[in-house]
Amino acid sequence: MDILFDVLRTAIAPSTAAFALAAIGLNFHFGLTGLLNMGQAGFMLLGMYGFAISIQQGWPIWIAILVGLAAAAVFAVLLGWPTLKLRGDYLAIVTIAAAEMVRFLGRSQSLQGLTGASSGIRGSDYKAPFEELSPFPDAIVNIGPFSMHGSRSSSWWLTAVTWGIVLLCAGLFWRLANSPWGRVLKGIREDEDAVRSLGKNVYSYKMQALIIGGVIGALGGITWALGNSVQPDSMGRPTTFWLWTLLLLGGAATVFGPVLGSILFWSSLTLVKSLASAFIPSDVLAPTELEPFSLVLVGVTLMLLVVFRPQGVLGNKKELAF
Amino acid sequence: MLRAALVFVVAAVGITAILSMGGTAEAATETEAVTTVATTGGTNLLIQNLFNGIVFGLLLALASVGLSLIYGTTGLSNFAHGEMVTFGAMITYFLATPQAVSFPLLPFEFTIAWPFWIAAPVGIAIATFFGWVQDKIIWSQLRRRRVAMIQQMIVSIGLSLALVNFIQWWMGGRPVRLVTSIDPRVQYGPISVGNVTLISMAIAIVALLGVAFFLQRTRLGRATRAVSDNPALASASGIKVDSIIRIVWMMAAGLAALGGILLALYQQGIGFDDGTKLLMMMFAAVTLGGLGHPYGALVGSLIIGVVAEVSTVWLPPDLKFATALGILIIVLLVRPQGILGKAERVG
Amino acid sequence: MNDKPVILDADNLIAGYLPGINILNGCSMEVKEGELIGIIGPNGAGKSTFLKALFGLVPVRDGSVTLGGEDITNLRADELVKRGVGFVPQTNNVFPSLTIEENLEMGAYQAHKNFKKQLARIGDLFPVLIQRKNQRAGSLSGGERQMVAMARALMMDPHVLLLDEPSAGLSPARQDETFVRTREINKTGVTVIMVEQNARRCLQICDRGYVLDQGTSAYTATGQELLKDPKVIELYLGTLGA
Amino acid sequence: MADTAFVSVPHEPGAAKPDPILIAEGVTRRFGGLTAVKVDHFEVQRNTITALIGPNGAGKSTFFNLLTGFDHAQEGEGQFNGKPLRGMAPAKVARAGMVRTFQLTKALSRMTVIENMRLGAQEQPGENLLRAFAPPLWKAREREITEQAHDLLHRFKLYEKRDDYAGSLSGGQRKLLEMARALMSKPTMVMLDEPMAGVNPALTESLLDHIVELKEDGMTVLFVEHDMHMVRRISDWVVVMAEGRIIAEGPAGTVMANPAVQDAYLGAHHDTDLSELTLEDDE
């Protein structure tokens, strides 16, 4: 039973929601438009930095959120400007390189005053304004079998807010994907030239998609930071790869694919770890080996998914992810 | 195009430069993939860094030549190539360490402790075999099923995730040292360098010349270039394209392993994710030189190595990889086909 | 006119690239040993696809190809080379980053022990290639590339040579040269099947022509007969030219 | 079936037309050393069906791409309906009223037929990101578009397939869909790149009828085609290209009888007989 609670707790955790958000952003890029963004973690990181640093400057929380989102938007414009005219894999190389650059800059000693270099920014330095907004009591609250703090860190407050934002963004995706605007993006995913021949400005649409997906990614970053801390190395390439895995797991181009993907991804990771630690003797699999062991499974899952079920759990076989 | 490039430079480097004024003057040594070799300082700094750059560039070239050959013959951007670098070094450590070792999930330990000069070649041989296995059970199957390149690329991402974590599971999270002795530095004119590093350089140069010899002077090597040029025509000429690709995978894995071993010697230790971290630099090198062009990988690696190391003269050392990636992005914008690549229409 | 045995027999081939879309809708052809066959027909009739289907480069969905009585349908290209079939594609027919000599070596890949001997033999046919053997094929003109491509295919000493529009993109003088060369190669005993755009020239030199229309082999006759046949012009230009 | 508009037009390359909708002047496109297109002068008469023909490699498709903005010429000017074409992006060309189809059909496979059609329409405010959020701003237009799409689908016999993914259509149906989609924008000129390629014979008749209908609806049609039967049946005027240049113009009958055209297609009539020619040693 404990294992089940652990799994459920992971499923509703704010960080699961944060990944769902970032994956919704990636869904705008890949699922809707076919853009190969291999640097979504960079967008998340920019959002986190923009938010945390602004709060540290003493700016109000609303401004801080806007700064985080704006940073991602500017990043998207800079990356998209030259590459969206080139072949698709150039965007992949440039985004992954640029995301790494952001991380290197963030962990650089020369920016320590702002970013805290490789040790990052402690949560306590920027969480207060958000936690003060909490309507929940400032104490541990038990709801059913779950026990969390009302307002602090990974709290009921944060859980409610993040999942609220997830629903909002999923709704946004639904609204846009089913609008004439989304239709143009799907057309671009299928064949750019055909869409050009129909009189649409492909470049501008790709840029819009890149910006929206990146901004939602930054929102994911901010919500992630509110439950954890700002740590450049937690937003490296593996994060982007996990996002891809969970997006493909849930089903690209679907409304709830990223959400379901994130829940499945994190809860099965917890499940695997719990089962392994419960049933595999520790002289065979030491506790420190659990993490890498389960991530090996993630990698293998990604490989198998791509080859055998590219449409994911929710995807339509005819509207494959590829 | 150029305007965009300029904006990027201003954005990336400019912001750093301005903000770094507030940062601490004393920069910590980079511990990522390569430890900065202590420099003699003063006027010789530039020469020393140039030299370090060449050393790093040569080691990088060993790894990226294989990446480039794979891209050239199959069109795949192999994201799991970094793990091949780590794997070579780790398997050598496994064979050479005097400590007890074990396999994951197997509850017994044993000690191999071969001398390094035996362990290294055997490690490379095992890595080469691993290249064969990989192509046999994964890549050749995907080619046969005509799985699209983007899909194959994501499969390689999955493989990378699986391998890097497998290596961590197997070898632990701490960096390991292949040899315990310390390589004392010797001063040659303005350059300070250890003898092991010099030997590593020599081995790297010999191996790279070997690759060049293979490609230019052997029938198999010429067939490899033929497959890179035009797989359909190669097949129509009677070349078994799949066997050539299998050989390329083996060679790439072997070279990456050699690169990993030499890198572990050069930076005095290797961590489970050092190869993964190096992958970005390899991509930068290969793209810079011209995707799929084997000599392009060499040129690109040397440029990346030198840019990364020399940039530390003016920029904080922990930004040297960022600088190298910045160079990559700028080159991509100005010349998408890379330095040696043939101009072709892209998009 | 030729009572030699049938060497290559294509029977009712149905083939295409995309699933569900056939380019060939039943193409048949019977080639006797030593013949020079020209395949002509308007653009889009499936001439090149037919040749590629013979060589296993386009998946054959129905029908069969036999070589000397042996079934070679959908066999891999390098297997066909082993069985003495050579193929010269219309475009991308050289390895641009390899030298001329290396290109020829690739042609003799399966018989590398005879490389020097074959090189000497080919050198008699294409002396200019030997003079410039260290030049990279990528730097050659269209006509020179065509020569390298044909020489490469001949390095294995094939019994059957498949040529896909060897005259395409060449100047008229070069085109004539290509046709004459093709006939000379044929005279050494090689069975040649060529697809040609330049129908008049092609029919002048070939023993027999096949006319393709809309993915089927419409009819066959000797080259001279087809040259005079108004139906050929009809096929190309929609009606009698006059 | 030559149109009366052509009565006074001389049968020669680059002939001026009484009311040209499309004019190209001195258009040159080189790829490396190869000159793919070198057209001195070219005009298309308004509200007629003009065929662009020529042997493989004549530069038809390249010329087509140049006219529609998908490729850019090193030299030359173009004019469509009085507007200069030089440097115009393909999307702008389309919005100006000149819509094209592609030789290899570009049906958007993972979208339904009806979505393909809707994408072809112009002036859908919902294609703007901000307005997309507010359906009331675009629902009305969407209904109009859907109605128009249904009409076209009926006409092209694709109505039953409207909710199928375009990827499940046959090659010929995709061609039809592509043409119908292009018509959604109510163009003044339709450019068809090999509309017959890969279409099974049963469908060709209706495809031909559709093209003729376009003219009756007041549009101008320029098409590239290999199938000479089709060229003869429906074109008012035929332009022949070979080796990047326009070598002949005129009504189908006249053009096909032109010895230069026959030479371009069948190979030149040489006086020399190849059987007498021997190989001289190369230079």
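All figures in this text were calculated on a predicted structure; none of them were measured in a lab.

**Q** Tell me about the overall build of chain C, and name the residues and values.
**A** Within chain C one finds ten helices and ten strands. By the compact-globule yardstick of 18 Å for 242 residues, chain C fits well, its C-alpha radius of gyration being 17 Å. Principal axes of the C-alpha set define a box for chain C whose edges measure 50 × 40 × 40 Å. Sorting the 242 residues of chain C into buried and exposed places 57% on the buried side. By element, 50% of the accessible surface of chain C is carried by carbon and sulfur atoms, the whole surface being about 9300 Å². Taking the 26 positively charged and 28 negatively charged side chains of chain C as two groups, their mean positions are separated by 6 Å.

**Q** So what's going on with helix α4 (residues 116-144) of chain B? Which residues, and what values?
**A** The terminal C-alpha atoms of α4 of chain B lie 40 Å apart, and with 29 residues this matches the ideal 42 Å at 1.5 Å per residue to within 8%. Of the residues flanking the end of α4 of chain B, it is Arg 146 of chain B, one or two places downstream, whose phi is positive at about 55°.

**Q** Give a description of the sheet that holds strand β7 (residues 189-193) of chain D that names residues and reports values.
**A** All names here are of chain D. An order of β6-β7-β8-β3-β9-β10 is seen for the six strands of this open sheet, with the pairing classed as mixed. Of all the strands in the sheet, just β6 (98-100) and β10 (245-250) have a single pairing partner and so form its edges. Between one strand and the next, the sheet's axes are offset by a mean angle of 20°, whatever the strand orientation. With three bridges joining them, β6 and β7 adopt parallel strand pairing.

**Q** I'd like a rundown of the domain arrangement of chain D, residues and numbers included.
**A** All names here are of chain D. Partitioning chain D into structural domains gives domain 1 (2-107 + 187-276) and domain 2 (111-168). Each partner contributes residues to the interface: domain 1 has six residues there, and domain 2 has five residues. Between domain 1 and domain 2 the total buried area reaches about 490 Å² when both faces are included, carbon and sulfur atoms providing 52% of it. If you sort the residues of domain 1 by the area they bury against domain 2, Ala 107, His 210 and Glu 213 come out on top, with a joint share of 63%. At the junction of domain 1 with domain 2, the criterion picks out two salt bridges. Residue Glu 213 pairs with Arg 155 through a salt bridge whose shortest N-O separation is 2.9 Å. Counting across the domain 1 and domain 2 interface gives one residue pair in polar contact (both at pLDDT 80 or more). A per-element tally of the side of domain 1 that touches domain 2 places helix α7 (residues 201-216) first, with three residues.

**Q** Before we move on, could you go through the nonpolar core and cite the residues and values that matter?
**A** One finds Ile 24, Phe 28 and Trp 181 of chain A together with Ile 239 and Leu 325 of chain B to be the most contacted residues of the largest nonpolar core, which totals 220 residues. Aside from chain neighbours lying at most four places away, what touches Phe 28 of chain A is Thr 33, Leu 172, Phe 173, Leu 176, Trp 181, Ala 209, Ile 212, Gly 213 and Ile 216 of chain A. One finds Val 88 of chain C together with Phe 156, Leu 203 and Tyr 265 of chain D within the second-largest nonpolar core, a separate group that totals 90 residues.

**Q** Before we move on, could you go through the state of the cysteines and cite the residues and values that matter?
**A** Residue and element names in this part refer to chain C. Scanning all chains against the criterion turns up zero disulfides over all chains. No disulfide involves Cys 202; its sulfur sits 4.6 Å from the nearest other cysteine sulfur, which is in Cys 206. The exposure class assigned to Cys 202 is buried, which follows from its relative accessible area of 0%.

**Q** Can you tell me about the side chain of Thr 245 of chain A, naming the residues and giving the values?
**A** Along the chain, the position of Thr 245 of chain A falls in helix α12 (residues 237-250). Since its relative accessible area comes to 2%, Thr 245 of chain A is described here as buried. Within the structure, the side chain of Thr 245 of chain A is placed 2.8 Å from the backbone oxygen of Phe 241 of chain A, a separation counted as a polar contact. Excluding residues within four positions of it along the chain, Thr 245 of chain A makes contact with Phe 265, Val 298, Leu 302 and Leu 305 of chain A together with Leu 161 of chain B.

**Q** Quick one: what's the story with the packing of helix α10 (residues 274-289) of chain B against helix α12 (residues 320-334) of chain B, residue by residue and with numbers?
**A** Residues and elements named next belong to chain B. Between α10 and α12, whose axes approach to 10 Å, the crossing angle comes to 30°. Compared by their axis directions, α10 and α12 come out roughly parallel. As for the relative orientation of α10 and α12, their crossing is left-handed in sense. Two secondary-structure elements touch here, α10 through Met 280, Met 281, Ala 284, Thr 287 and Leu 288 and α12 through Phe 321, Ala 324, Leu 325, Leu 328, Val 331 and Leu 332.

Cut-offs and rules
Residues numbered from 1 in each chain as written. Chains lettered and ligands numbered in written order. Predicted model: local features only at pLDDT ≥ 70, side-chain atom pairs only at ≥ 80, totals over all residues. Heavy atoms only, no water. Helix = DSSP H or I, 4+ residues; strand = E, 2+ residues; numbered from the N terminus. Rg over C-alpha atoms; globule rule 2.2 N^0.38 Å. Buried < 20%, exposed > 50% of the residue type's maximum accessible area, 1.4 Å probe, protein only. Areas by Shrake-Rupley, 256 points an atom, 1.4 Å probe, with all protein chains shown as cover. Lys, Arg positive; Asp, Glu negative; His and termini not counted. Charge placed at Lys NZ, Arg CZ, Asp CG, Glu CD. Expected span 1.5 Å × (residues − 1). Pairing = 2+ DSSP bridges. Axes fitted to C-alpha atoms, helices over the stretch in contact; angles between N-to-C directions. Domains from an automatic or database assignment. Contact = heavy atoms within 4.5 Å. Buried area = accessible area lost by both parts, 1.4 Å probe. Salt bridge = Lys/Arg side-chain N within 4 Å of Asp/Glu carboxyl O. Polar contact = N/O pair within 3.5 Å; in protein donor to acceptor, adjacent residues only side chain to side chain. Core = buried A, V, L, I, M, F, W, Y, C linked by side-chain atoms within 4.5 Å. Disulfide = S-S within 2.5 Å. Parallel < 35°, antiparallel > 145°, perpendicular 65-115°, else oblique. Left-handed = near helix turned anticlockwise from the far one by under 90°.

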